[in-house]
Amino acid sequence: MKVLMLGWELPPVISGGLGTACKGIADSLAKNNIDLIFVIPTGRGGESALDSRIRVICADKYTPIEKYLKNFNEKYSEEFKSINFSDFSPYHTSYEGLSHETVEQNIIEKISSQKEYSILNFEGNYGRNLFEEVMKYRYIGKALGENESFEVIHAHDWMTYPAAICAKEASGKPLVVHVHSTEYDRSWSNPSKGIIDIEREGFDKADKIIAVSYYTKNIIVSEYGINPDKIDVVYNAVNKNTQFLRYQIRKSFDDKIVLFLGRITQQKGPEYFLEAAVKILNRMDNVRFVMSGSGDMFPKIVSKMAEYDIADKFHFTGFLSDTMVEKIFAMSDIYVMPSVSEPFGISPFEALLYDIPIVISKQSGASEILGNAPKVDFDNTDELAAVIINLLEDDMLREAVVSQCKEDMQNISWANSAARIIEIYNRLAII
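Residues numbered from 1 in each chain as written. Predicted model: local features only at pLDDT ≥ 70, side-chain atom pairs only at ≥ 80, totals over all residues. Heavy atoms only, no water.

*Asks:* Would you mind going over unusual backbone geometry in detail, with residue names and values included?
*Replies:* The phi angle at D309 is positive, at roughly 60 degrees, despite the residue not being glycine. Despite not being glycine, D355 shows a phi value in the positive range, around 60 degrees. With respect to the helices, strands and loops of the structure, D355 is situated in the loop between α12 (347–353) and β12 (358–361). On the basis of relative accessible area, D355 is assigned to the partly exposed category, the value being 27%. (Helix = DSSP H or I, 4+ residues; strand = E, 2+ residues; numbered from the N terminus. Buried < 20%, exposed > 50% of the residue type's maximum accessible area, 1.4 Å probe, protein only.)

The structure is reproduced here in structure tokens:
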């Protein structure tokens, strides 16, 4: 079977867990004799990252699209006149501070010159031109549907849904949309109507929806009105071939390290991690807190940290490469995921591979699997602080949490995830 898979990122160049999950799924499908055409906006190093059965297409190099260039500018310009950019902010950063008129004028100016702007120009990131690129990606989807041979279309997250729908319409093949997160997870209290509309259209036009957890499935049902029978849950997994550096790295100090690793955005709950750190430091001195990642809330967290006067105990690393992530895991004593809404959450599983005890939010897909992990409501910082203190003070408790959680994750693997996905493909391919 051949599958057209639409993504947005691939290792080694990633912005979060989506690219890592896509690689794990794609590699495991290929090992089970599934031929994949994996499409991303631009290569940036991802072309050679996958199994040899996977053909990677970078949209910015896809020459069959050239026949669409003749009338691209005129149609594209008209489409953007109807878009409300003031409503669009996928990670609360993309169009912050720009008026609708300013954004629209910038786009119209860019597409007025074929030399400066083309359907083949992609940055492939999550910056202020993300919505532009999502809309352009549709043309790639149409070209793929008309020029490639495949039995099923598989699209990862909302950025790819419009392109996947175009590919379905052009090819007549069934569509699977894979939900790694929803706008209600990412933006929580201030979701973008524009993104929600794209997600809902993807859910409506999909032949099958894959959710990464029952937590996510419930959101799709309750917030988007989708029939639960249309949704299958397939858990993500973690690469268990992680290099074990834990016993090779020594800290230059005796303090224990409590780690936060993820985007510094509202969804991930960094402010609750900071508040718990303050409460812990009021009772303990031999502990440091490390926040690794980047995001739009970084200035706010730095400012609050300064107000609390804990700069000597609270450290920021910025965004970390894979190698540096391994090192910070190897140095850490406790991992905390206080997410406000986390569809799955791969990082707790990665922490466990380094024998690091974890504390996770009840509002996460990971909590469905890690039954023995300490869990707290994301905003209950008193309980979060108390749980962390108990772990810091009790070596036997830390060891027990790691051991029991590793038992919980025994059946979590990319091979198992791929097997479930192939079952879905087979059902759709015979319709």
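Still more to cover.
*Asks:* Tell me what's going on with the packing of helix α9 (residues 270–281) against helix α14 (residues 381–393), and back it up with residues and numbers.
*Replies:* Taken N-terminus to C-terminus, the directions of α9 and α14 make an angle of 60 degrees; their axes are 9 Å apart at the nearest point. One element, α9, and the other, α14, form an angle in the oblique class. Two packed elements cross with a definite hand, and for α9 against α14 that hand is right-handed. Two secondary-structure elements touch here, α9 through Y272, E275, A276, K279 and I280 and α14 through T381, D382, L384, A385, I388, I389 and L392. Each residue belonging to the contact of α9 with α14 can be placed in one class, and the counts come to eight nonpolar, one polar and three charged. (Axes fitted to C-alpha atoms, helices over the stretch in contact; angles between N-to-C directions. Parallel < 35°, antiparallel > 145°, perpendicular 65-115°, else oblique. Left-handed = near helix turned anticlockwise from the far one by under 90°. Contact = heavy atoms within 4.5 Å. Nonpolar A, V, L, I, M, F, W, Y, C, P; charged D, E, K, R; others polar.)

*Asks:* Quick one: what's the story with the pairing of strand β9 (residues 287–292), residue by residue and with numbers?
*Replies:* Across the six residues that make up β9, a large majority, five, are buried. Taken together, the six bridges between strand β8 (residues 256–261) and β9 define a ladder with parallel strand orientation. When the sheet's bridge partners are listed, K256 is paired in β9 with V287. Considered for its hand, the β-α-β crossover made up of β8, α9 and β9 is right-handed. (Pairing = 2+ DSSP bridges. Right-handed = clockwise from strand over helix to strand, strands pointing away.)

*Asks:* Summarise the pattern of salt bridges; cite the residues concerned and give the values.
*Replies:* Inspection of the entire model under this criterion finds 19 salt bridges. Residue E201 is joined to K205 by a salt bridge in which the shortest nitrogen-to-oxygen separation is 3.2 Å. Remark: K205 and E201 occur in helix α7 (residues 193–205); sequence separation between them is four residues, near one turn of the helix. Residue class for K205 comes out partly exposed when judged on its relative accessible area of 34%. (Salt bridge = Lys/Arg side-chain N within 4 Å of Asp/Glu carboxyl O.)

*Asks:* I'd like a description of the packing of aromatic side chains, backed by residues and values.
*Replies:* A full pass over the atoms with the stated rule returns 16 aromatic pairs. Ring geometry for Y184 against Y224: centres 5.5 Å apart, planes inclined by 80 degrees, an arrangement best described as edge-to-face. Within this pair, whereas Y184 is found in helix α6 (residues 183–186), its partner Y224 is found in helix α8 (residues 214–224), the two being separated by 40 residues in sequence. With centroids separated by 5.5 Å and ring planes inclined at 20 degrees, the aromatic side chains of F329 and Y354 adopt a geometry described as stacked. (Phe/Tyr/Trp six-rings, centres within 6.5 Å; stacked < 30°, edge-to-face > 60°.)

*Asks:* How would you sum up the sheet that holds strand β11 (residues 334–337)? Please name residues and give values.
*Replies:* Read from one edge of the open sheet, six strands run β10-β9-β8-β11-β12-β13, paired in parallel fashion. Sheet topology places β10 (314–318) and β13 (375–376) at the edges, where each strand pairs with a single neighbour. Those strands touched by helix α10 (residues 298–308) are β9 and β10, and its axis lies near 160 degrees from that of β10.

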